[in-house]
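The lines below spell out each chain.
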There are 2 protein chains.
Amino acid sequence: MIIPNIIRSCSMAAGNPLQKSWDLVPLQLKLVKPVPSDIVISRSQTPKNISILAKEIGLADNEVSQYGSKKAKIALSAIDRLRSRGNGAYVVVCGITPTPLGEGKSTTLLGLVQALAAHCQRNAIACMRQPSQGPTFGIKGGAAGGGYAQVIPMEDFNLHLTGDIHAVTAANNLLAAQLDTRMFHEATQRDKPLYERLVPLIKGERKFSKIQLRRLQRLCIEKTDPDSLTDEEISQFARLDINPETIMWDRVVDVNDRYLREIMVGLSPTEKGFYRRAHFAISVASEIMAVLALANNLDDMKQRLGRMVVAFNCRGGPITADDLGVTGALAVLLRDALEPNLMQSIEGTPVLVHAGPFANIAHGCSSIVADELALKLVGKEGFVCTEAGFGSDIGMEKFCNIKCRTSGLRPNAMVLVATVRALKMHGGGPPVTPGAPLNKQYTEENLDLIKKGLPNLEQHISNGQKFGMPVIVAINCFSTDSEAEHEMVREAAVKAGAVDAVVCSHWSKGGSGCLNLADAVIRACENSENFHLLYEDDMPLLDKLYTVAQNMYGAGRVELTPEAQKTLEKLTDAGFGALPVCMSKTQLSLTGDAKIKGAPKDFTLTVQNLYVSAGAGFVVAMCGEISKMPGLPTRPCIYDIDLNTETGEIEGLF
Amino acid sequence: MIIPNIIRSCSMAAGNPLQKSWDLVPLQLKLVKPVPSDIVISRSQTPKNISILAKEIGLADNEVSQYGSKKAKIALSAIDRLRSRGNGAYVVVCGITPTPLGEGKSTTLLGLVQALAAHCQRNAIACMRQPSQGPTFGIKGGAAGGGYAQVIPMEDFNLHLTGDIHAVTAANNLLAAQLDTRMFHEATQRDKPLYERLVPLIKGERKFSKIQLRRLQRLCIEKTDPDSLTDEEISQFARLDINPETIMWDRVVDVNDRYLREIMVGLSPTEKGFYRRAHFAISVASEIMAVLALANNLDDMKQRLGRMVVAFNCRGGPITADDLGVTGALAVLLRDALEPNLMQSIEGTPVLVHAGPFANIAHGCSSIVADELALKLVGKEGFVCTEAGFGSDIGMEKFCNIKCRTSGLRPNAMVLVATVRALKMHGGGPPVTPGAPLNKQYTEENLDLIKKGLPNLEQHISNGQKFGMPVIVAINCFSTDSEAEHEMVREAAVKAGAVDAVVCSHWSKGGSGCLNLADAVIRACENSENFHLLYEDDMPLLDKLYTVAQNMYGAGRVELTPEAQKTLEKLTDAGFGALPVCMSKTQLSLTGDAKIKGAPKDFTLTVQNLYVSAGAGFVVAMCGEISKMPGLPTRPCIYDIDLNTETGEIEGLF
């Protein structure tokens, strides 16, 4: 055991890192039947000290900032150090159109990497989103996987983690405060005093700060001496002149707080009557979360933060975060948040958890920097499996058209998670409702329902193929499924063009329940280099909408409301036409209507309106109402959550 | 150097830890003149890896959770391990009535511990509050001290730290969301369906959760079978029946966001018209922050969280967090936050940074657990210096009457920080305004103004004596002070009963500028055991108000508005009469009026109203308007803050 270590450290010191397998010591599972609750399984395993895992996967000590012994932030300098190393295979895991219960995408992702890294001696890293903390206290289960395919400790994963979402919240709300306060100060001060406060006399001298000089440049005022501005230039500089009707920037909290969906702010007498309607969204809906996920590095993040459009001025021009002077402050708040978080699966294999943008109003994928880091760490022969939120029509499409377009990375294969339950629902089965018991059509064999549901599977397989990726269908098996049901799905998948379709039982067996999936993925990634985007940057926005709707959803046509039509023109004129589109559509249907199951063809998709997320770098097309703030139910799971103050252990969390 | 280490580890292993000095290796200072900016000084020093400092002060590896290499959380189990060790001397650092610029309390605290630990070979720890992040982006400077008496790295200290304030924010807002949501569900559901949702049928069975059983007990319903409740009991259990007019629970953000001071929530159509007026405060104003600071351990914290009163029901009874079912969830969110944070001074000596409750509506002191931990770590011959916010009339009084009453710890001495500048202001000098240049009366010798200002100093000296503590006056010297000015203050202090009065120049010289203060403190703590509280628990609330106002402020009488009178009776009837009082008064005057300087006698203090912080464990007496939400100025310091994306360094922060 000593010799390989020496060889490795020698070759690393020589700047020529080995591409071979890590010396990773997996954690053994003791499988119990029936499968206990997620938190019981999570507790039953003792995680490795995260610094040991970091060493095992080739990170240097100075690249690892431990946050306690079970999670660590990884410096982006590790990517630079490994720049010359080849990338591993890049696998995106997505799903068919899910039931409201979810079909086990995260669980399958974890089962797959556990199989690869703990059983197949491959370097493999799972890249996952950090979940919003809000729903943890509502009705949703955790997002750390489940059963014997989990990230541990699941309470760290689901709560706080290393504070990235808190940093996003802080940055988002600082910008919101500065926006309203600036409007207030402009409304209550004349040009001259306003200017003199913005560029104050300090020790007899007025000086523009760097960020103010940038604003002058945007205004085409080529002066650097504050005393040389004309009255008109002073007014131009000092007045952002924001049109309150156009404000697009919401405040956020990472709590399911329905009473904040729509509020009136500024009602204190100190605000002198300048109140306005405003909104809170849940933190992960902040554009800043999408920026964090799409930034290629620290400088790119800062540029994107500065570009974020928060409103328009009274002449219709965009007002950016940079105009409000906050670019540097936001970057400072988010500096540490841009470092990916290392955790481990229940089998002791590496997991990078980083960023968690909404999958409808944003692109629903974990960060680019985490994927880049992982691809270098696993090396040329390794595998990085990354998750894309919701069905392939949403998560995978955005993973490719937004995330990969931005990063330049090219995925090698797509794993499509399907369940018998979801296919039965698409075949006309009764509604599936969280909390309510499942109808027996879901718990007894019913080949007829599955057969009718197969077109949904076929659409999702086709979606992957449209990007030139080999598609592997992972049938996430439930104990109530029959073999005949699995066989029907398997056959249909292969017939529809999947390179493979395999039944997976990671939930009850961990990585050993996913060996066939691991094999299929390894095979699919050999010589898989045919990835291409669905559309080019220079395609007009309208055509981009058509291309996505027709290819990914099976829509016949796209209809824009007159408002959407107008906004489309305005955004194109303002120079945002070259951005990709981010469809904000229900995840529960291939159409815009959550109630419609299966895979309808030639329907009409209506785009209600559009707006730009200029920092993230996409134009959002709103296809129906999407709530950005969930609520708590009458009996939220907070009633079950407790802290054992003797042991410090958390109880009742899933 | 090897032998002492062996002796120590032997004796520690034998459960009999040595009381001798740590093997602490201080960091050397390279003093530069003129003194550079705080961030330049902070950057010029390379901090020790925090794990090394932790070892130096006798912490075991498993008691230290690193958060990167410069800060760490310390497990409370360390207090238990050291239970049998004697406590060090306990020194509280406070100030005279300050100018709006502050008189250097934190700086003096740091200078003192740097002198003790880096120059006098004493075990010494500074205990400090974590500052609110909001003002960092407004106008206030940092709270990490300044010059050569600082905590480093100051950007970690001032931003995020280990996420404790974020945890407080999350917990506070979860409770707020649950409060409004519960009111909504009660308003829109009849008794039976409401009850059936609160105690749902799961696999054919209804079961109360632990927290629901506690509510039943409080209602004196001695049943555990949900199906056995009568209709009336169901109604009693399911309806909190909150009177919206009585809601005391605000939402919080750690941002200076003036537009959130008063808002209307619930305006979305999904809330069906159940809107109401509400408020946001800055996070450190949350009662949860005070709970964090006053909890003796994890279990005590949970009990306090459950006791917090958020509103009253329509019959006038208190509604607690426990009634809302959130006690466990709040404790879970705050579990890690209860661990104190270890950082270091610029001379490499230990600093515990933990909790930062407001100093007016709360008690303005760092946490009890940090002080307890520090007192054990320094051992019997060591020193713990802890800060109390604002002047002695506020911070020190609450430190004694609230914090020490709760912890049972007894301080040995009080350091009173005074400046020539503040005394001149109290003597009738012109107003001191942040941002504006100082009047020359403050920068030239003016013995007359100082002389007239001395009564303020005398009142604060007397305040310490009232608690039986020896008072050491630390004159925080400015470069514009004259020797004659210092001498006048020194003489007056000793004449007024201070055991010593010394001039300190830590800002320009670090610990070496505070050696005389260190000496004075060491001497004062010898045989200093006369501490006593100002009043007993069983003194009626009204008498407590009188006692504090007369003894600490020099007031002649206390006047209660009719509303305050009524609330006082209500709170006494509700069983809160045995709690200490927390005076919410301006810090800028000994009176209730910020404009009145000096030390007036026999004035009337008016109490506008009172409310209970039942979890923190005090009754707040509002003497005048206190804003719980600061605003941003026209040109906040965000304009200067930037991130150097090449080096990752933060620029423009103070």
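Keep in mind it's a predicted model, so treat the numbers as computed, not measured.

The rules behind these values
- Residues numbered from 1 in each chain as written.
- Chains lettered and ligands numbered in written order.
- Predicted model: local features only at pLDDT ≥ 70, side-chain atom pairs only at ≥ 80, totals over all residues.
- Heavy atoms only, no water.
- Buried < 20%, exposed > 50% of the residue type's maximum accessible area, 1.4 Å probe, protein only.
- Helix = DSSP H or I, 4+ residues; strand = E, 2+ residues; numbered from the N terminus.
- Contact = heavy atoms within 4.5 Å.
- Pairing = 2+ DSSP bridges.
- Phe/Tyr/Trp six-rings, centres within 6.5 Å; stacked < 30°, edge-to-face > 60°.
- Lys NZ or Arg CZ within 6 Å of the ring centre and 35° of its normal.
- Least-squares fit on C-alpha atoms with pLDDT ≥ 70 in both.
- Core = buried A, V, L, I, M, F, W, Y, C linked by side-chain atoms within 4.5 Å.
- Domains from an automatic or database assignment.
- Buried area = accessible area lost by both parts, 1.4 Å probe.
- Salt bridge = Lys/Arg side-chain N within 4 Å of Asp/Glu carboxyl O.
- Polar contact = N/O pair within 3.5 Å; in protein donor to acceptor, adjacent residues only side chain to side chain.

## Observations concerning helix α21 (residues 515–525) of chain A
Residues and elements named next belong to chain A. Within the sequence span of α21, burial applies to Leu517, Ala518, Ala520, Val521, Ile522, Ala524 and Cys525. The inward-facing, buried residues of α21 abut β3 (89–95), α5 (105–119), β17 (383–391), β18 (413–418), β19 (471–476) and β20 (500–504). Positive phi shows up at Asn527, right after α21, with a value of about 55 degrees.

## A look at the pairing of β18(A)
All names here are of chain A. Burial runs high along β18: 6 of the 6 residues are buried. Residues Ala413, Val415 and Val417 line one face of β18 and the alternating positions Met414, Leu416 and Ala418 line the opposite face, and both faces are buried. Two strands pair when backbone bridges link them, and β3 and β18 are joined in this way by 5 bridges, in the parallel orientation. Paired with Val91 across the two strands is Ala413, which belongs to β18. As paired strands, β18 and β19 are joined by 5 bridges and run parallel to one another. By the bridge assignment for β19, Met414 is matched with Val471.

## A look at the packing of aromatic side chains
Taken as a whole, this structure holds 16 aromatic pairs over all chains when the rule is applied. When the centroid spacing of 6.2 Å and the interplanar angle of 75 degrees are considered together, the rings of A:Phe184 and B:Tyr259 count as edge-to-face. Taken together, the positions of A:Phe184 in helix α7 (residues 164–188) and B:Tyr259 in the loop between β9 (251–253) and β10 (263–265) put the pair across two chains. Residue A:Phe184 shares its accessibility class with B:Tyr259, and that shared class is buried. Ring pairs connect the aromatic residues A:Phe184, A:Phe274 and B:Tyr259, which therefore count as one cluster. Its guanidinium or amino end placed over the ring of A:Tyr553, A:Lys585 lies 4.6 Å from that ring's centre, counting from NZ or CZ. A cation over a ring is seen here: B:Lys570 above B:Phe312, with NZ or CZ 4.1 Å from the ring centre.

## Looking at the relation of the copies chain B and chain A
Here the two chain copies are tied together by a rotation about an axis and a shift along that axis. If you rotate chain B by 180 degrees and push it 0.0 Å along the axis, it lands on chain A with an RMSD of 0.1 Å. Expressed as an axis order, the relation between the two copies is that of a two-fold axis. When each C-alpha of chain B is compared by its distance to the rotation axis, B:Tyr67 comes out closest, at 2.1 Å. In this assembly, 99% of the residues forming the interface of chain B have copies in chain A that are likewise at the interface, indicating an isologous arrangement.

## Some remarks on the nonpolar core
One finds A:Leu457, A:Val473, A:Leu517, A:Leu610 and B:Leu517 to be the most contacted residues of the largest nonpolar core, which totals 350 residues. Contacts of B:Leu517, omitting those with residues within four sequence positions, involve B:Thr108, B:Leu112, B:Val415, B:Ile472, B:Ala474, B:Val502 and B:Cys504. B:Ala370, B:Leu375, B:Leu457 and B:Met552 belong to the second-largest nonpolar core, a separate cluster that totals 85 residues.

## A short note on the domain arrangement of chain A
Residue and element names in this part refer to chain A. Here chain A is described as being made up of domain 1 (21–161 + 340–526), domain 2 (165–334) and domain 3 (541–622). Placing a centre on the C-alpha atoms of domain 1 and another on those of domain 2 gives a separation of 38 Å. When the two sides are added together, the surface that domain 1 and domain 2 hide from each other amounts to roughly 1600 Å², 62% of it contributed by carbon and sulfur. Considering only the surface of domain 1 that becomes buried against domain 2, Ser132, Phe358 and Thr406 emerge as the three largest contributors, covering 23% of it. At the junction of domain 1 and domain 2, the tally comes to 0 salt bridges. Where domain 1 packs against domain 2, one counts 7 residue pairs in polar contact (both at pLDDT 80 or more).

## Details of unusual backbone geometry
Cis rather than trans, the peptide bond between A:Lys33 and A:Pro34 has omega equal to -5 degrees. Considering the arrangement of structural elements, one finds A:Pro34 in the loop between α1 (2–13) and α2 (38–44). Going from B:Ile152 to B:Pro153, the amide bond is cis rather than trans, its omega being -10 degrees. Considering the arrangement of structural elements, one finds B:Pro153 in the loop between β6 (149–152) and α6 (154–158). One non-glycine residue with positive phi stands out, namely B:Leu161, at about 50 degrees. Tracing the chain through its elements places B:Leu161 in the loop between α6 and α7 (164–188). Positive phi values are uncommon outside glycine, yet B:Cys220 reaches one of about 60 degrees. Counting through the fold element by element, B:Cys220 comes out in the loop between α9 (210–218) and α10 (231–238). Judged by its relative accessible area of 65%, B:Cys220 falls in the exposed class.

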